[in-house]
Amino acid sequence: MKALRLVPATGAILASSLTALPAQDILYLKTGESIACRVEALTDTLVNFSLPPPPGTAGGSARRTVPAERIEYIEFDFREGEAAFFEKRHEATAAELQVWWDLSFPHLHRPRSRTAAYGIAYAEALLRESPDAAAPRALSIFDRIIERAWAPADVVLAKQGRLRALMALGDLATATVEARRLASQTEDAGLLIEVKYLLATADFQKLQALQEEHPRWEEDDEVRPERNQLYHRALDLFLWPHLFHATHEEAAARGLAGAARLFLFAGEIESARARWEDLIHLYPATTFSAEAKTLLETHSSPSTEPAPP
């Protein structure tokens, strides 16, 4: 897949920050033919492009126009340095990603556009860097991708992102309803793992809020059943990838880490230690292993702690 070319009307805002460079885009026609060219302007009805001069000639490029309805899709060339940036877009800052999202936004609905990928990475960066303040902006980006993106895979990723944005906004009710609906519509293991983790996180947050509001929940016959339901449901959801999809090691380790946090919150230190030990032993190469080792040392077993004076 290749990079989007600016059209005059949409590229003006960022023209000063991005240098226009020679590129070779490819138009794939519905007839099966392809044209190597440089796209100069693009709308939903017309495509203006220039053809490079024949090799070894000093002539200028020839300009042509093709009705958009004749084109199956366009492969846009990468700009200078864009290929490397796109490959590592999930490590980029929100400010860096905003440039490419704004630049390519008019092409969100076009087949094989990279716009949705930039938008998802941009919204994720917003939630990562400033979850409270940037959640509304991230939510609007995810919603736009869901509405307009061409590729179903991008829509699925945006729906997952929308759930995270809703949770960052504190709208756990909507996030829970949508997550359960999404889980009921798919059998894809990777998607189910992500949705169930979001549901577990939502239940854990509800549990924390409930116990903060009712510190004597154990003595309340109305609150206690609700608290226990949230606790056990969150635990089951956190452990689900470890029990049923252990080959998804990062997700399984993340779930064990979540279960340990839940146990720790409930004051069940030994159960938390057991989950950290499982994580370290079963998933040593994951990004959660080092933290589990630290937490295991921090929350030492009561049998090894010195007796109080």
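The written sequence of each chain sets the order in which its residues are numbered from 1. Predicted model: local features are reported for residues with pLDDT of at least 70 only, side-chain atom pairs are reported and counted for 80 or more only, and whole-chain, interface and lining totals are derived from all residues. Only hydrogens and water are removed before side-chain values are computed, so all heavy atoms of the structure are retained for them.

Now for the overall build of the chain. Secondary structure elements follow DSSP: runs of H or I no shorter than four residues count as helices, runs of E no shorter than two count as strands, and numbering proceeds from the N terminus. Along the backbone of the chain there are twelve helices and five strands. Every one of the 309 residues in the chain was classed for burial, and the buried ones make up 44%. Sequence separation of at least 24 residues holds for 54% of the intrachain contacts in the chain that already meet a minimum separation of 6. Under the convention used here, a 1.4 Å probe and the Shrake-Rupley method define accessible areas, while residue burial counts only the protein chains that appear. For the chain, the exposed area adds up to about 16,500 Å²; of that, 54% sits on carbon and sulfur atoms. Partly exposed describes any residue whose relative accessible area lies between the buried limit of under 20% and the exposed limit of over 50%, with all areas from a 1.4 Å probe on protein chains only and scaled to the type maximum. Residue contacts are counted whenever heavy atoms from the two residues lie within 4.5 Å of one another.

Turning our attention to the nonpolar core. By nonpolar core we mean a set of buried residues, namely Ala, Val, Leu, Ile, Met, Phe, Trp, Tyr and Cys, connected to one another through side-chain atoms within 4.5 Å. Of all hydrophobic cores here, the largest spans 77 residues; its most connected members are L97, F142, I145, F238 and L262. Counting eleven residues, the second-largest nonpolar core is a separate cluster that includes L27, F49, V66 and I71.

With antiparallel pairing, five strands are arranged side by side in an open sheet as β4-β3-β2-β1-β5. The sheet terminates laterally at β4 (62-67) and β5 (71-75), the two strands that pair on one side only. Pairwise comparison of adjacent strand axes, ignoring direction, gives a mean angle of 45° for this sheet. Note that strand β1 (residues 25-29) and β5 share four bridges and pair antiparallel. Bridge pairing in β5 links L27 to I74. Here a strand pair is declared whenever DSSP counts at least two bridges between the two strands. An axis is simply a line fitted to the C-alpha atoms; with a helix, the fit covers only the stretch in contact. Between two such axes, the angle follows the N-to-C directions and lies from 0 to 180 degrees.

Before going further, it helps to examine the confidence of the model for the chain. Confidence of the prediction at every residue is given by pLDDT, a number between 0 and 100. Overall, the predicted model of the chain reaches an average pLDDT of 87, with 88% of residues at or above 70. Long-range and interchain partners of residues 1-22, a stretch whose pLDDT sits below 50, account for 59 contacts in this model, where long-range means more than four residues apart. In the predicted structure, residues 303-309 sits below a pLDDT of 50 and forms one contact with residues beyond four places in sequence or in another chain.

Basic side-chain nitrogens of Lys or Arg form a salt bridge, by our definition, when they fall within 4 Å of a carboxyl oxygen of Asp or Glu. Across all of its chains, the model carries 13 salt bridges by this definition. As a salt-bridge pair, R162 and D143 come within 2.8 Å of each other at their nearest N and O atoms. Of this pair, R162 sits in helix α6 (residues 152-168) while D143 sits in helix α5 (residues 131-148); the two residues are 19 residues apart in sequence, bridging distant segments of the chain. According to the relative accessible area criterion, R162 is buried, its value standing at 17%. A residue is classified by how much of its surface remains accessible, and D143, at 30% relative accessible area, is partly exposed. R216 is paired through a salt bridge with E219; the nearest N and O atoms lie 2.9 Å apart. Its relative accessible area of 56% is what places E219 among the exposed residues.

Stacked, tilted and edge-to-face pairs are distinguished by plane angle, under 30 degrees for stacked and over 60 for edge-to-face with tilted covering the rest, among Phe, Tyr and Trp rings (Trp via its six-membered ring) whose centres lie within 6.5 Å. This structure, assessed with the given rule, holds twelve aromatic pairs. The interplanar angle of 20° and the centroid separation of 4.7 Å between the aromatic rings of Y28 and Y73 together place this pair among those described as stacked. With a gap of 45 residues between them, Y28 in strand β1 and Y73 in strand β5 connect regions that are remote in the sequence. Taken together, the aromatic side chains of F78, F85, F86, W100 and Y118 make up a single cluster linked through ring pairs.

Once that is clear, we can look at the pairing of strand β2 (residues 34-42). When β1 meets β2, the two strands line up antiparallel, connected through four bridges. Across the sheet, L27 pairs through a bridge with I35, a residue of β2. Counted along the chain from β1 to the antiparallel partner β2, the turn is four residues long, and its residue G32 has a positive phi close to 100°. With four bridges joining them, β2 and strand β3 (residues 46-51) adopt antiparallel strand pairing.

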